Amino acid sequence: MIIDSESQVTDAVFEAMERSPNARLTTIMKALVRHAHAFAREVQLSEEEFDVGIDFLNRIGKSTHDAHNEGILFSDAIGFSTLICLLNNGKHGATETAAALLGPFWRMNSPTTANGGSIVRSQTPGPVLFANCRITDTNGKPLQGVEVDVWQASPVGLYENQDSGQADMNLRGKFVTDQDGRFWFRSVKPAGYPVPTDGPVGDLLRAQKRHPFRPAHLHFLAFKPGFKTLITQVFVDDDERLETDVVFGVTSHLVGQYRRHDEPAPAADVTGSWYSLDYDFVMEVGEAKLPTPPIK
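Caption draft 1: Spatial organisation of the layout of surface pockets. Considered as a void within the structure, the largest pocket measures approximately 940 Å³ in volume. Around the largest pocket, the lining is made up of 28 residues, and of these Ser81, Ile84, Cys85, Leu102 and Ile231 lie nearest the centre. Put simply, the parts of the chain that give the lining of the largest pocket at least two residues each are helix H4 (70-77), helix H5 (80-87) and strand E8 (230-236). The residue makeup of the lining of the largest pocket, split by class, is 16 nonpolar, 8 polar and 4 charged. Around the second largest pocket sit 18 residues that line it, and Leu32, His35, Ala36, Phe39 and Leu57 are the ones nearest its centre. Elements supplying a minimum of two residues to the lining of the second largest pocket: helix H2 (23-43), helix H3 (47-62) and H5. Ranked by residue count, the leading element in the lining of the second largest pocket is H3, at 7 residues. The residue inventory of the lining of the second largest pocket, partitioned by class, reads 15 nonpolar, 2 polar and 1 charged.

See the structure below:
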């Protein structure tokens, strides 16, 4: 098609895309083009604004490397990651779900750790946390043999791959549920932290007068053949930023009860106050597959 006006552009692109033998690709790309073209028409996008947008996308690519994924961070910061999560879990967003976004800091091959073991692998500040968790199916039956990745940021606000002062794989571990569906471990109480702001996402947050903080949380990824892989987070209930999470990841179902204790701890080397977390997870029957790690 020879194009004589802006009104013909969208149809011309659609016609070209119809040649693809991949029906799902055609559906997705036509919808993307339809909405992108409609967006440009709605806001009357200027050429200067278009250049800024393209530069922003290019900078996302340049800011992504083995230890940081700016693309995932951008998706998180505009609520897109959470939207995709909710659309694909909890009956397509119709009900509460235990699923949550993966985030940009999951790594493969976390150290296998015995139940009751610690994921603290180098000196890490913060009160001790004892977590006791259980996984069942949707009928309440305990699930044995679930592999569970656990990871968190240090209370100084950095994941270990961001911080040369932490040992490799600090605050990361892989557990396996027992016959009662239980796994348990020792760590430190998580703290809130800012997402990286030295790239284009930081520029966007500053332009929108938004803070860069996430409320404190633990990450979990549960894998068992025959069940849909569960990716989730459990947030600290007294965090002041539960309602203003920069990546819109908090749902009411994911707020845990991190209880403070002043009595003697279940480990002799712990003095002073400590915390406990008891939390039950539910896995649905489905396909077990691991996501692509956002970092190495």
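Once you've had a look at it, read on.
Caption draft 2: Structural detail: the nonpolar core. Core analysis: the biggest nonpolar cluster contains 34 residues, and Ile135, Phe183, Phe185, Phe220 and Phe281 have the highest contact counts within it. Excluding anything up to four places from it in sequence, phenylalanine 220 contacts Cys133, Val148, Asp149, Val150, Trp151, Phe183, Phe185, Leu230, Ile231, Thr232, Val234 and Phe281. In terms of nonpolar packing, the next biggest core, distinct from the first, is built from 11 residues, Trp106, Trp151, Ala153 and Leu221 among them.

Caption draft 3: Layout of the environment of asparagine 109. Summarising the element assignment, asparagine 109 is placed in the loop between helix H6 (90-93) and strand E1 (128-137). With 60 residues separating them along the chain, asparagine 109 and methionine 169 place their C-alpha atoms 9.2 Å apart.

Criteria and thresholds
Residues numbered from 1 in each chain as written. Predicted model: local features only at pLDDT ≥ 70, side-chain atom pairs only at ≥ 80, totals over all residues. Heavy atoms only, no water. 1 Å grid on protein atoms, 1.4 Å probe; cavity = no way out; pocket = protein on both sides within 12 Å on 5 of 7 lines; lining within 4 Å. Points joined across faces, edges and corners; volume = space filled by probe spheres on them. Helix = DSSP H or I, 4+ residues; strand = E, 2+ residues; numbered from the N terminus. Nonpolar A, V, L, I, M, F, W, Y, C, P; charged D, E, K, R; others polar. Core = buried A, V, L, I, M, F, W, Y, C linked by side-chain atoms within 4.5 Å. Buried < 20%, exposed > 50% of the residue type's maximum accessible area, 1.4 Å probe, protein only. Contact = heavy atoms within 4.5 Å.

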